[in-house]
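# A structural walkthrough
Listed below are the residues making up each chain.
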Amino acid sequence: MIDQVSPQECCICAACANVCPKQAIAFTKPIDGFFYPRIDADVCIGCNLCEKVCPVLNPYAFPIEKGKPEAFAARSTDPDTRQGSTSGAVFYEAGRVILSHGGYVCGAVFDDEFRVKHIITDSEDGLCRMRGSKYAQSDVGDTYIQIKQILERGAEVLFCGCPCQVAALRRVLGKEYPNLFLLDFVCHGIPSQSMLDAYILEQEQRKRAKVTDIRFRDKARGWHNSSVVLTFDNGRIYSKSITVDPYMRGFHSGTTMRENCYNCRFKGFTSGSDLMLGDFWGAETVLKDWDDNTGISAVMASSEKGLRLLEQIPAEKRPVDLDCIIRYNKNILHSTEKSPIREQFREYAGAHGDGEALMHFFAESGWERHKRVARYRLRCIVYKLSGRGKPLY
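Here is a short report on the structure shown in this document. Model, not experiment: these values are computed from the prediction.

## Quick look at the sheet that holds strand β8 (residues 211–218)
By way of backbone hydrogen bonds, the strands of a sheet pair with one another, either parallel or antiparallel. Taken together, three strands build an open sheet; the order of strands is β8-β9-β10 and the sheet is antiparallel. Two strands close off the open sheet at either side, each with one partner strand: β8 and β10 (237–241). Neighbour to neighbour, the strand axes of the sheet diverge by 10° on average, direction disregarded. The sheet contact formed by β8 and strand β9 (residues 227–232) spans five bridges and is antiparallel. The residue of β9 that forms the bridge with V211 is F232. In the packing of helix α8 (residues 193–207) onto the sheet, contacts are made with β8, β9 and β10, and the angle to β9 comes to roughly 60°.

Shown next as structure tokens:
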């Protein structure tokens with residue numbers, strides 16, 4: 001049964017819970033802020049369906065079609081649409097295409113309490129809620145089974161999730177569906193919902209107000225200098241660059257991820273997705289004539305179905321060498337390295353709480369801020385002397 005999968009291996013994809021005919025599996029086993037599956041032995045009938053769909057117990061690299069993946073730089077033709085998305089708004093535009101066909105889109109949203117969960121929608125409003133990165137473990141609920149029911153009716157479905165979630169959905173479905181389009185993204189790893197909750201609470205205590213909106217990749221200062229922006233009910237606004245904000249510093253350092261993310265089994269286009277999306281980092285070097293600092297998506301198509309969907313999207317597209325994308329997105333092929341301070345961080349968090357641990361380990365010190373500002377001013381001088389304008393970050 002699924003309980004043979006250790007927390008070091010489990011990706012909390014929820015394939016097991018979706019297929020359990022007795023609803024005997026619940027995510028109630030807490031470890032490092034994540035909740036892992038637990039089987040109710042009094043309810044379980046020993047059918048082993050959970051074991052059969054587990055992408056960890058049944059590793060399988062879905063074959064990539066000949067000549068794939070094909071790589072592109074892409075961005076929505078609408079600047080306002082790009083501004084409201086993390087990078088080039090390719091997912092949002094793909095979702096609009098599917099909705100225009102009378103189909104459904106499944107993706108991650110924040111609920112009213114800023115808990116991350118997957119929902120299925122057939123409306124533009126629902127799709128808009130899916131825009132923007134969430135940076136926390138998503139609760140997929142029973143969406144895999146709902147998707148199967150929709151597909152059997154003949155409607156199109158666009159699913160967007162982590163590579164492990166795409167692999168899980170494929171195993172739950174058990175067969176190919178021509179009306180299913182699978183999108184994953186370049187995944188660095190996933191922090192826990194508990195970590196996000198603690199971060200929000202810490203910020204609320206500091207501002208003495210409740211958070212009413214979160215944007216992890218706000219582009220007010222430009223795509224290359226994306227910021228975490230929190231809006232509070234007293235009108236105050238918190239805004240810090242993703243290189244300065246403690247939640248994002250913990251994330252980028254490889255400290256706050258789920259344990260199995262450090263040895264991810266779904267790297268190298270093995271999840272079975274039709275399209276992989278990500279930020280086209282390095283665009284200021286590779287696509288100098290294209291980069292206007294509003295966001296460009298890296299798009300990798302692993303199937304003809306993915307290419308057909310991409311062709312329908314109202315976006316500017318430019319074929320590029322796949323290596324140009326991988327050079328600045330190492331997580332396409334490799335897992336994030338575990339931070340050498342992770343165990344120390346977890347020990348401190350266990351004693352003082354996740355929020356205080358984030359601030360203790362990752363809040364920018366005065367000396368760090370001084371060095372950062374000095375480096376930026378030096379870059380400004382160098383750029384000005386060389387006639388290159390103002391640096392992007």
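## Considering the packing of helix α13 (residues 342–352) against helix α14 (residues 354–362)
Contact geometry for α13 and α14: axes closest at 7 Å, N-to-C directions at 135°. Overall, the two elements α13 and α14 adopt an arrangement that is oblique. Crossing of α13 over α14 shows right-handed handedness. Residues Q344, F345, R346, Y348, A349 and H352 of α13 form the contact with α14, whose own contacting residues are D354, E356, A357, L358, H360, F361 and F362. Broken down by class, the residue content of the contact of α13 with α14 amounts to seven nonpolar, three polar and three charged.

## Quick notes on the nonpolar core
One finds L196, Y199, F216 and Y247 to be the most contacted residues of the largest nonpolar core, which totals 74 residues. Take this core: its biggest share by element is seven residues, from helix α7 (residues 163–173). Apart from residues no more than four positions distant in its own chain, Y199 is found in contact with V228, L230, Y238, D245, P246, Y247 and L358. Within the second largest apolar cluster, 27 residues are counted, among which are V97, V105, F181 and A301.

## Brief notes about the pairing of strand β3 (residues 70–76)
The buried fraction of β3 amounts to six of the seven residues, a majority that puts the element mostly inside the structure. Summarising the sheet, β3 and strand β12 (residues 297–301) pair through five bridges and their orientation is antiparallel. Of the residues in β12, the one forming a bridge with A74 is S297. For β3 and strand β13 (residues 315–319), the ladder comprises five bridges, and the chain directions are antiparallel. Paired with R75 across the strands is E316, a residue of β13.

## Notes on the pairing of strand β6 (residues 157–160)
Burial along β6 is two-sided: V157 and F159 and L158 and C160, pointing in opposite directions, are all buried. Pairing between strand β4 (residues 104–110) and β6: three bridges, direction parallel. Residue pairing across strands places V105 opposite L158, the latter belonging to β6. In the sheet, β6 pairs with strand β7 (residues 180–185) via four bridges, with the strands oriented parallel. By the bridge assignment, F159 is partnered in β7 with L182. Since β6 and β7 lie parallel, the crossover through α7 that links them has a hand, and here it is right-handed.

## Structural notes on the side chain of R342
Among the secondary structure elements, R342 is positioned in helix α13. Polar side-chain contacts of R342 include one of 3.3 Å to the backbone oxygen of T255. A distance of 3.0 Å separates the side chain of R342 from the side chain of Y262, its partner in a polar contact. Beyond its immediate sequence surroundings of up to four residues, R342 is in contact with D32, G254, T255, M257, R258, E259 and Y262.

## Looking at a positive patch on the surface
Taken together, the side chains of R221, K240, R369 and R377 define a basic patch exposed on the protein surface. Checked against the element boundaries, R377 lands in helix α15 (residues 366–385). Taking the relative accessible area as the measure of exposure, R377 reaches 58% and is therefore exposed.

## What to know about the sheet that holds β3
Here eight strands make up an open sheet; going across it, the order is β5-β4-β6-β7-β11-β12-β3-β13 and the pairing mixed. On the outer flanks of this sheet lie β5 (116–121) and β13, each paired with one strand and no other. Each neighbouring strand pair of the sheet contributes to a mean axis angle of 25°, computed without reference to strand direction. Each of β3, β6, β7, β11 (275–279), β12 and β13 touches helix α11 (residues 304–312); the most contacted strand, β7, lies at about 85° to it.

## As for the packing of aromatic side chains
Taken as a whole and assessed by the stated rule, the structure comprises eleven aromatic pairs. With centroids separated by 5.0 Å and ring planes inclined at 75°, the aromatic side chains of Y135 and F251 adopt a geometry described as edge-to-face. One end of the pair, Y135, is in the loop between α5 (124–129) and α6 (143–152); the other, F251, is in helix α9 (residues 246–252), and 116 residues separate them in sequence. Clustering of aromatic rings is evident, with ring pairs tying together Y135, Y199, F216, Y247 and F251. Sitting over the ring of W290, R75 keeps its end group 4.4 Å from the ring centre. When the ring centre of F181 is taken as origin, the NZ or CZ atom of K305, which lies over that ring, is 5.7 Å away.

## A closer look at the pattern of salt bridges
The final tally for this structure, using the stated rule, is 24 salt bridges. Across the pair D292 and R75 runs a salt bridge whose closest N-O atoms are separated by 3.8 Å. You can see D292 sitting in the loop between α10 (283–286) and β12 and its partner R75 sitting in strand β3, a full 217 residues away along the chain. A single salt-bridge network, built from bridges that share partners, covers D32, E259, K338, R342, E343, R346 and D354.

Cut-offs used in this document
Residues numbered from 1 in each chain as written. Predicted model: local features only at pLDDT ≥ 70, side-chain atom pairs only at ≥ 80, totals over all residues. Heavy atoms only, no water. Pairing = 2+ DSSP bridges. Helix = DSSP H or I, 4+ residues; strand = E, 2+ residues; numbered from the N terminus. Axes fitted to C-alpha atoms, helices over the stretch in contact; angles between N-to-C directions. Contact = heavy atoms within 4.5 Å. Parallel < 35°, antiparallel > 145°, perpendicular 65-115°, else oblique. Left-handed = near helix turned anticlockwise from the far one by under 90°. Nonpolar A, V, L, I, M, F, W, Y, C, P; charged D, E, K, R; others polar. Core = buried A, V, L, I, M, F, W, Y, C linked by side-chain atoms within 4.5 Å. Buried < 20%, exposed > 50% of the residue type's maximum accessible area, 1.4 Å probe, protein only. Right-handed = clockwise from strand over helix to strand, strands pointing away. Polar contact = N/O pair within 3.5 Å; in protein donor to acceptor, adjacent residues only side chain to side chain. Patch = residues over 30% accessible without salt bridge, like charges linked within 9 Å, V, L, I, M, F, W, Y side chains within 5 Å. Areas by Shrake-Rupley, 256 points an atom, 1.4 Å probe, with all protein chains shown as cover. Salt bridge = Lys/Arg side-chain N within 4 Å of Asp/Glu carboxyl O. Lys, Arg positive; Asp, Glu negative; His and termini not counted. Charge placed at Lys NZ, Arg CZ, Asp CG, Glu CD. Phe/Tyr/Trp six-rings, centres within 6.5 Å; stacked < 30°, edge-to-face > 60°. Lys NZ or Arg CZ within 6 Å of the ring centre and 35° of its normal.

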